[in-house]
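If you want the building blocks of each chain, they are given just below.
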Amino acid sequence: MNKTDLLLSQAKKKILILDGAMGTMIQRYQLSEEDFRTPELADHPKSLKGNNDLLSLSRPDIIKAIHVAYLEVGADIIETNTFSGTSIAQEDYGLQYLAYRLNYESAKIASEAAAEFTAKNPSQPRFVAGAIGPTNRTASISPDVNDPAYRAVTFDQLSDAYKEQIRGLLDGGADILLVETIFDTLNAKAALFAIQEVFEERDMPLQPEEGGIPVMVSGTITDASGRTLTGQTTEAFLISVSHVPLFSVGLNCALGAKELRPYLKVLAEKAPFYVSAYPNAGLPNEFGQYDQGALEMSAQVEQFLKDGLINVLGGCCGTTPDHIAAIAQIAAKYAPRKLEFSTTSDE
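(A) Structural context of the nonpolar core. Residues V217, V249, I310 and L313 are the most contacted members of the largest nonpolar core, which totals 88 residues. Top element by residues in this core is helix α8 (residues 185-201). It accounts for 8 residues. Those residues within four positions of V217 in sequence are excluded, and the remaining contacts are L178, V179, I182, L192, F237, V241, L246, S248, V249, G250 and S276. In this structure, L8, L18, Y278 and C316 belong to the second largest nonpolar core, which totals 17 residues.

Written as structure tokens, this is what we have:
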């Protein structure tokens, strides 16, 4: 079986476990400015500390160690270190020219780690999800309060940047493409359009069942209103991305597991795709830190599982291998949500 067929087969049998936060783990290393600089960037005029994607070039050993830590506790899917891997996001550091390379190398590091664990235990194949973040610009909202019509980025600019990222991820060996942390669905539509364009230029099918690379989409509900930053409800978000044959649709970030549950319920009831969730470790405290421990979080997540809402489960901000280990242990007791949609139209 190829990787896509393997993934589809595994998804029918079990709840797939996604890894936890990359940034939380990187913070544990207390890195300095030098750690973010490759020899060729020794004299780069801008500060690079905090550009976590760059560590795939400057400290690949750290990125691989983080992947391994999540694989060791049972993650089926690990995400590439490419959340800010577009030329648009890298422009802040003056490194837009490195975008393709960042994605290629990040996917390669993750693929090597996943392959090692699959070889050790072929009955639990591991997969790499190419992480495609939202960028630091929004296509739907003006950043200038005095000029509501102004946009800091166009759809075409987003699409071109995403195409470059997607090519790097695929060339580096990503098994899945994950458009994540969506606060503006127009940005996500640009990413999905870019995926369609790249698949077309490579003569790849869009349908996973026909051998295409599976596409996961994950939105972000920003507060208790139950809407994305640009004002969409969960159902509106789902409808907006349903034109593409997705592997899964879900929610991540912004909220903890308890707060995410009502919106996941909407997806589970309406989505013709698998449903994913990777919440934060609770809500941040006044210092921006996440205090929710692994057992507390897994207890909250268990309610999703009892309700039969989930197919893919992991953690976002504040989560660590301890959180993923506890989640994997609980998830193993439950069956995945069933896709039971009639082919005929109903009311």
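(B) Broad picture of the packing of helix α4 (residues 60-72) against helix α6 (residues 99-120). In the contact formed by α4 and α6, the axes pass within 9 Å of each other and the chain directions differ by 35 degrees. Where α4 crosses over α6, the two elements pack in a sense that is right-handed. Where α4 abuts α6, its residues P60, I63, K64, H67, V68, L71 and E72 lie against I109, A110, E112, A113, A114, E116 and F117. Per-class residue counts for the contact of α4 with α6 are 9 nonpolar, 1 polar and 4 charged.

(C) Region of interest: α4. Between the first and last C-alpha of α4 there are 18 Å, a value that for 13 residues agrees with the 18 Å anticipated at 1.5 Å per step. What α4 keeps buried is the set I62, I63, I66, H67, V68, A69, Y70 and L71. Immediately beyond the C-terminal end of α4, within one or two residues, lies G74, with a positive phi of roughly 110 degrees.

(D) Here's a closer look at unusual backbone geometry. The phi angle at Q30 is positive, at roughly 45 degrees, despite the residue not being glycine. Within the element layout of this structure, Q30 appears in the loop between α2 (22-27) and α3 (55-58). With a phi close to 65 degrees, C253 is a non-glycine residue in the positive phi region. Tracing the sequence through the fold places C253 in strand β6 (residues 248-256).

Cut-off values and rules
- Residues numbered from 1 in each chain as written.
- Predicted model: local features only at pLDDT ≥ 70, side-chain atom pairs only at ≥ 80, totals over all residues.
- Heavy atoms only, no water.
- Core = buried A, V, L, I, M, F, W, Y, C linked by side-chain atoms within 4.5 Å.
- Buried < 20%, exposed > 50% of the residue type's maximum accessible area, 1.4 Å probe, protein only.
- Helix = DSSP H or I, 4+ residues; strand = E, 2+ residues; numbered from the N terminus.
- Contact = heavy atoms within 4.5 Å.
- Axes fitted to C-alpha atoms, helices over the stretch in contact; angles between N-to-C directions.
- Left-handed = near helix turned anticlockwise from the far one by under 90°.
- Nonpolar A, V, L, I, M, F, W, Y, C, P; charged D, E, K, R; others polar.
- Expected span 1.5 Å × (residues − 1).

Shape is all these values report; function is a separate question.
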